[in-house]
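Spelled out from the first residue to the last, the chains are:
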Amino acid sequence: MSENGDHEQGKNGAAHGENGRTATENGVRIPPVPYDEWDHDVFSVINPHRKLPEANVLGIFQRHPALARAFLTFNMHLNTTTLPVRVRELAVMRVAWRRGSRYEWASHVLIGRKAGVTEAEIEEVRTGADTLLNRAVDELDTDSGLSDATYAALAVDLDEHQLMDLVFTIGAYTMLTMALNTFGVELDPVISEENFSFPKREWYSHKREG
């Protein structure tokens, strides 16, 4: 706040609020770079042969090219790991739901459907049904580890590399949801929120119902 009570304009057009945090009226703390200003070379680690379509999450990464290249290189591994795609997407959806990330939830419901995830399985993620993958995500999110029983159950169908990839996938997408929530990344206009409902939190002023 300035002395006259007005918000001072900060970098990227965001207004400084209390405790040094920034927020605009719609809850966006760091706005994405407009698509016509993108440096597409930043995303060469994803696909060096074509320009990626506009997406708010990528627009945020444009703000920090060094971070973008590092994280997206790791993320590319996660998208091409030893894990079956259905397993990966069910785990990511559960992370998104638990962490209150409307953006990741909506995006990965679409990806999951393309990978063969059924509407019944999506509903199990949404309701927290006692599935093995829900249990694994919930334990890692709550306790930063897996119980012996859950680990043994996962190891029946997943080999050592797959177990490692699963844990790193859950951890990486947990980190990504923290960033999306903190910076106020809005849902892309062309994507449905897919029946997202999550309690509002004081530190995040996005429009959330639940």
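Presented here is an overview of the structure given in this document. (Residues numbered from 1 in each chain as written. Predicted model: local features only at pLDDT ≥ 70, side-chain atom pairs only at ≥ 80, totals over all residues. Heavy atoms only, no water.)

### Structural notes on the overall build of the chain
Then, number 1: Along its length, the chain carries eight helices and zero strands.
Then, number 2: The order of α-helices and β-strands along the chain, N terminus first, is α-α-α-α-α-α-α-α.
Then, number 3: The long-range share in the chain, meaning contacts at least 24 apart out of those at least 6 apart in sequence, stands at 61%.
Then, number 4: When the accessible surface of the chain is split by element, carbon and sulfur atoms take 54% of a total near 11700 Å². (Helix = DSSP H or I, 4+ residues; strand = E, 2+ residues; numbered from the N terminus. Contact = heavy atoms within 4.5 Å. Areas by Shrake-Rupley, 256 points an atom, 1.4 Å probe, with all protein chains shown as cover.)

### Structural notes on the side chain of Gln-62
Then, number 1: Counting through the fold element by element, Gln-62 comes out in the loop between α1 (56-61) and α2 (65-78).
Then, number 2: The class for Gln-62 is buried, based on a relative accessible area of 10%.
Then, number 3: Of the polar contacts made by the side chain of Gln-62, one reaches the backbone nitrogen of Asp-39; its length is 2.9 Å.
Then, number 4: Leave out the neighbours within four places in its chain, and Gln-62 touches Val-33, Glu-37, Trp-38, Asp-39, Val-42 and Phe-43. (Buried < 20%, exposed > 50% of the residue type's maximum accessible area, 1.4 Å probe, protein only. Polar contact = N/O pair within 3.5 Å; in protein donor to acceptor, adjacent residues only side chain to side chain.)

### Looking at unusual backbone geometry
In most cases, non-glycine residues show a negative phi, while peptide bonds are predominantly trans.
Then, number 1: At Ser-144, a position not held by glycine, the phi torsion is positive, near 55°.
Then, number 2: Here Ser-144 lies in the loop between α6 (132-143) and α7 (148-155).

### Things to note about the packing of helix α3 (residues 85-99) against α6
Then, number 1: At a minimum axis separation of 9 Å, α3 and α6 run at an interaxial angle of 45°. Here α6 runs oblique to α3, going by the angle between their axes. Remark: the crossing between α3 and α6 carries right-handed chirality. On the side of α3, the interface is formed by Val-87, Leu-90, Ala-91, Arg-94, Val-95, Arg-98 and Arg-99, while α6 contributes Leu-133, Asn-134, Val-137, Asp-138, Asp-141 and Thr-142.
Then, number 2: The class makeup of the residues in the contact of α3 with α6 is six nonpolar, two polar and five charged. (Axes fitted to C-alpha atoms, helices over the stretch in contact; angles between N-to-C directions. Parallel < 35°, antiparallel > 145°, perpendicular 65-115°, else oblique. Left-handed = near helix turned anticlockwise from the far one by under 90°. Nonpolar A, V, L, I, M, F, W, Y, C, P; charged D, E, K, R; others polar.)

### Quick word on the layout of surface pockets
Then, number 1: The calculated volume of the largest pocket comes to roughly 810 Å³.
Then, number 2: If you go around the largest pocket, you meet 29 residues; those closest to its centre are Ala-55, Val-57, Leu-58, Ser-107 and Ile-111.
Then, number 3: A total of seven residues in the lining of the largest pocket trace back to one element, the largest contributor, which is helix α4 (residues 102-114).
Then, number 4: Grouping the amino acids of the lining of the largest pocket by side-chain chemistry returns 17 nonpolar, five polar and seven charged.
Then, number 5: In this structure, the second largest pocket occupies an estimated 320 Å³ of space.
Then, number 6: Sorting elements by how many residues they give to the lining of the second largest pocket places helix α8 (residues 160-183) first, with five residues.
Then, number 7: Across the lining of the second largest pocket, the residue classes break down as twelve nonpolar, one polar and one charged. (1 Å grid on protein atoms, 1.4 Å probe; cavity = no way out; pocket = protein on both sides within 12 Å on 5 of 7 lines; lining within 4 Å. Points joined across faces, edges and corners; volume = space filled by probe spheres on them.)

### Here's the deal with the packing of aromatic side chains
Then, number 1: On inspection of all chains with the given rule, the structure shows four aromatic pairs.
Then, number 2: Seen in terms of ring centroids, Trp-38 and Phe-43 are 5.3 Å apart; in terms of plane orientation they differ by 70°. Their pairing is edge-to-face. Phe-43 carries the same exposure label as Trp-38, and that label is buried. (Phe/Tyr/Trp six-rings, centres within 6.5 Å; stacked < 30°, edge-to-face > 60°.)

### Some words on α6
Working note: α-helix, 3.6 residues per turn, so residues spaced by three or four point in the same direction.
Then, number 1: The end-to-end C-alpha separation of α6 is 16 Å, in line with the 16 Å expected for twelve residues at 1.5 Å each.
Then, number 2: Residues of α6 that are buried include every one of Leu-133, Asn-134, Ala-136, Val-137, Asp-138, Glu-139 and Leu-140, and no others.
Then, number 3: The first or second residue beyond α6 is Ser-144, which carries a positive phi of 55°. (Expected span 1.5 Å × (residues − 1).)

### Thoughts on a nonpolar patch on the surface
Then, number 1: Together, Phe-74, Met-164, Val-167 and Phe-168 make up an exposed nonpolar region whose accessible area comes to about 350 Å².
Then, number 2: Examining the composition of the nonpolar patch, we find that three residues originate from one element, α8, more than from any other.
Then, number 3: Classification of Phe-74 as partly exposed rests on a relative accessible area of 31%. (Patch = residues over 30% accessible without salt bridge, like charges linked within 9 Å, V, L, I, M, F, W, Y side chains within 5 Å. Salt bridge = Lys/Arg side-chain N within 4 Å of Asp/Glu carboxyl O.)

### What to know about the pattern of salt bridges
Then, number 1: For the structure on display, the rule yields nine salt bridges.
Then, number 2: A salt bridge links Asp-138 to Arg-94; the shortest N-O distance between them is 2.9 Å. Placement of Asp-138 in helix α6 and of Arg-94 in helix α3 is noted, with a sequence separation of 44 residues between them.
Then, number 3: For Arg-94, a relative accessible area of 7% puts it in the buried group.
Then, number 4: The partner of Asp-141 in a salt bridge is Arg-99, and the shortest N-O contact between them spans 2.4 Å. You can see Asp-141 sitting in helix α6 and its partner Arg-99 sitting in helix α3, a full 42 residues away along the chain.

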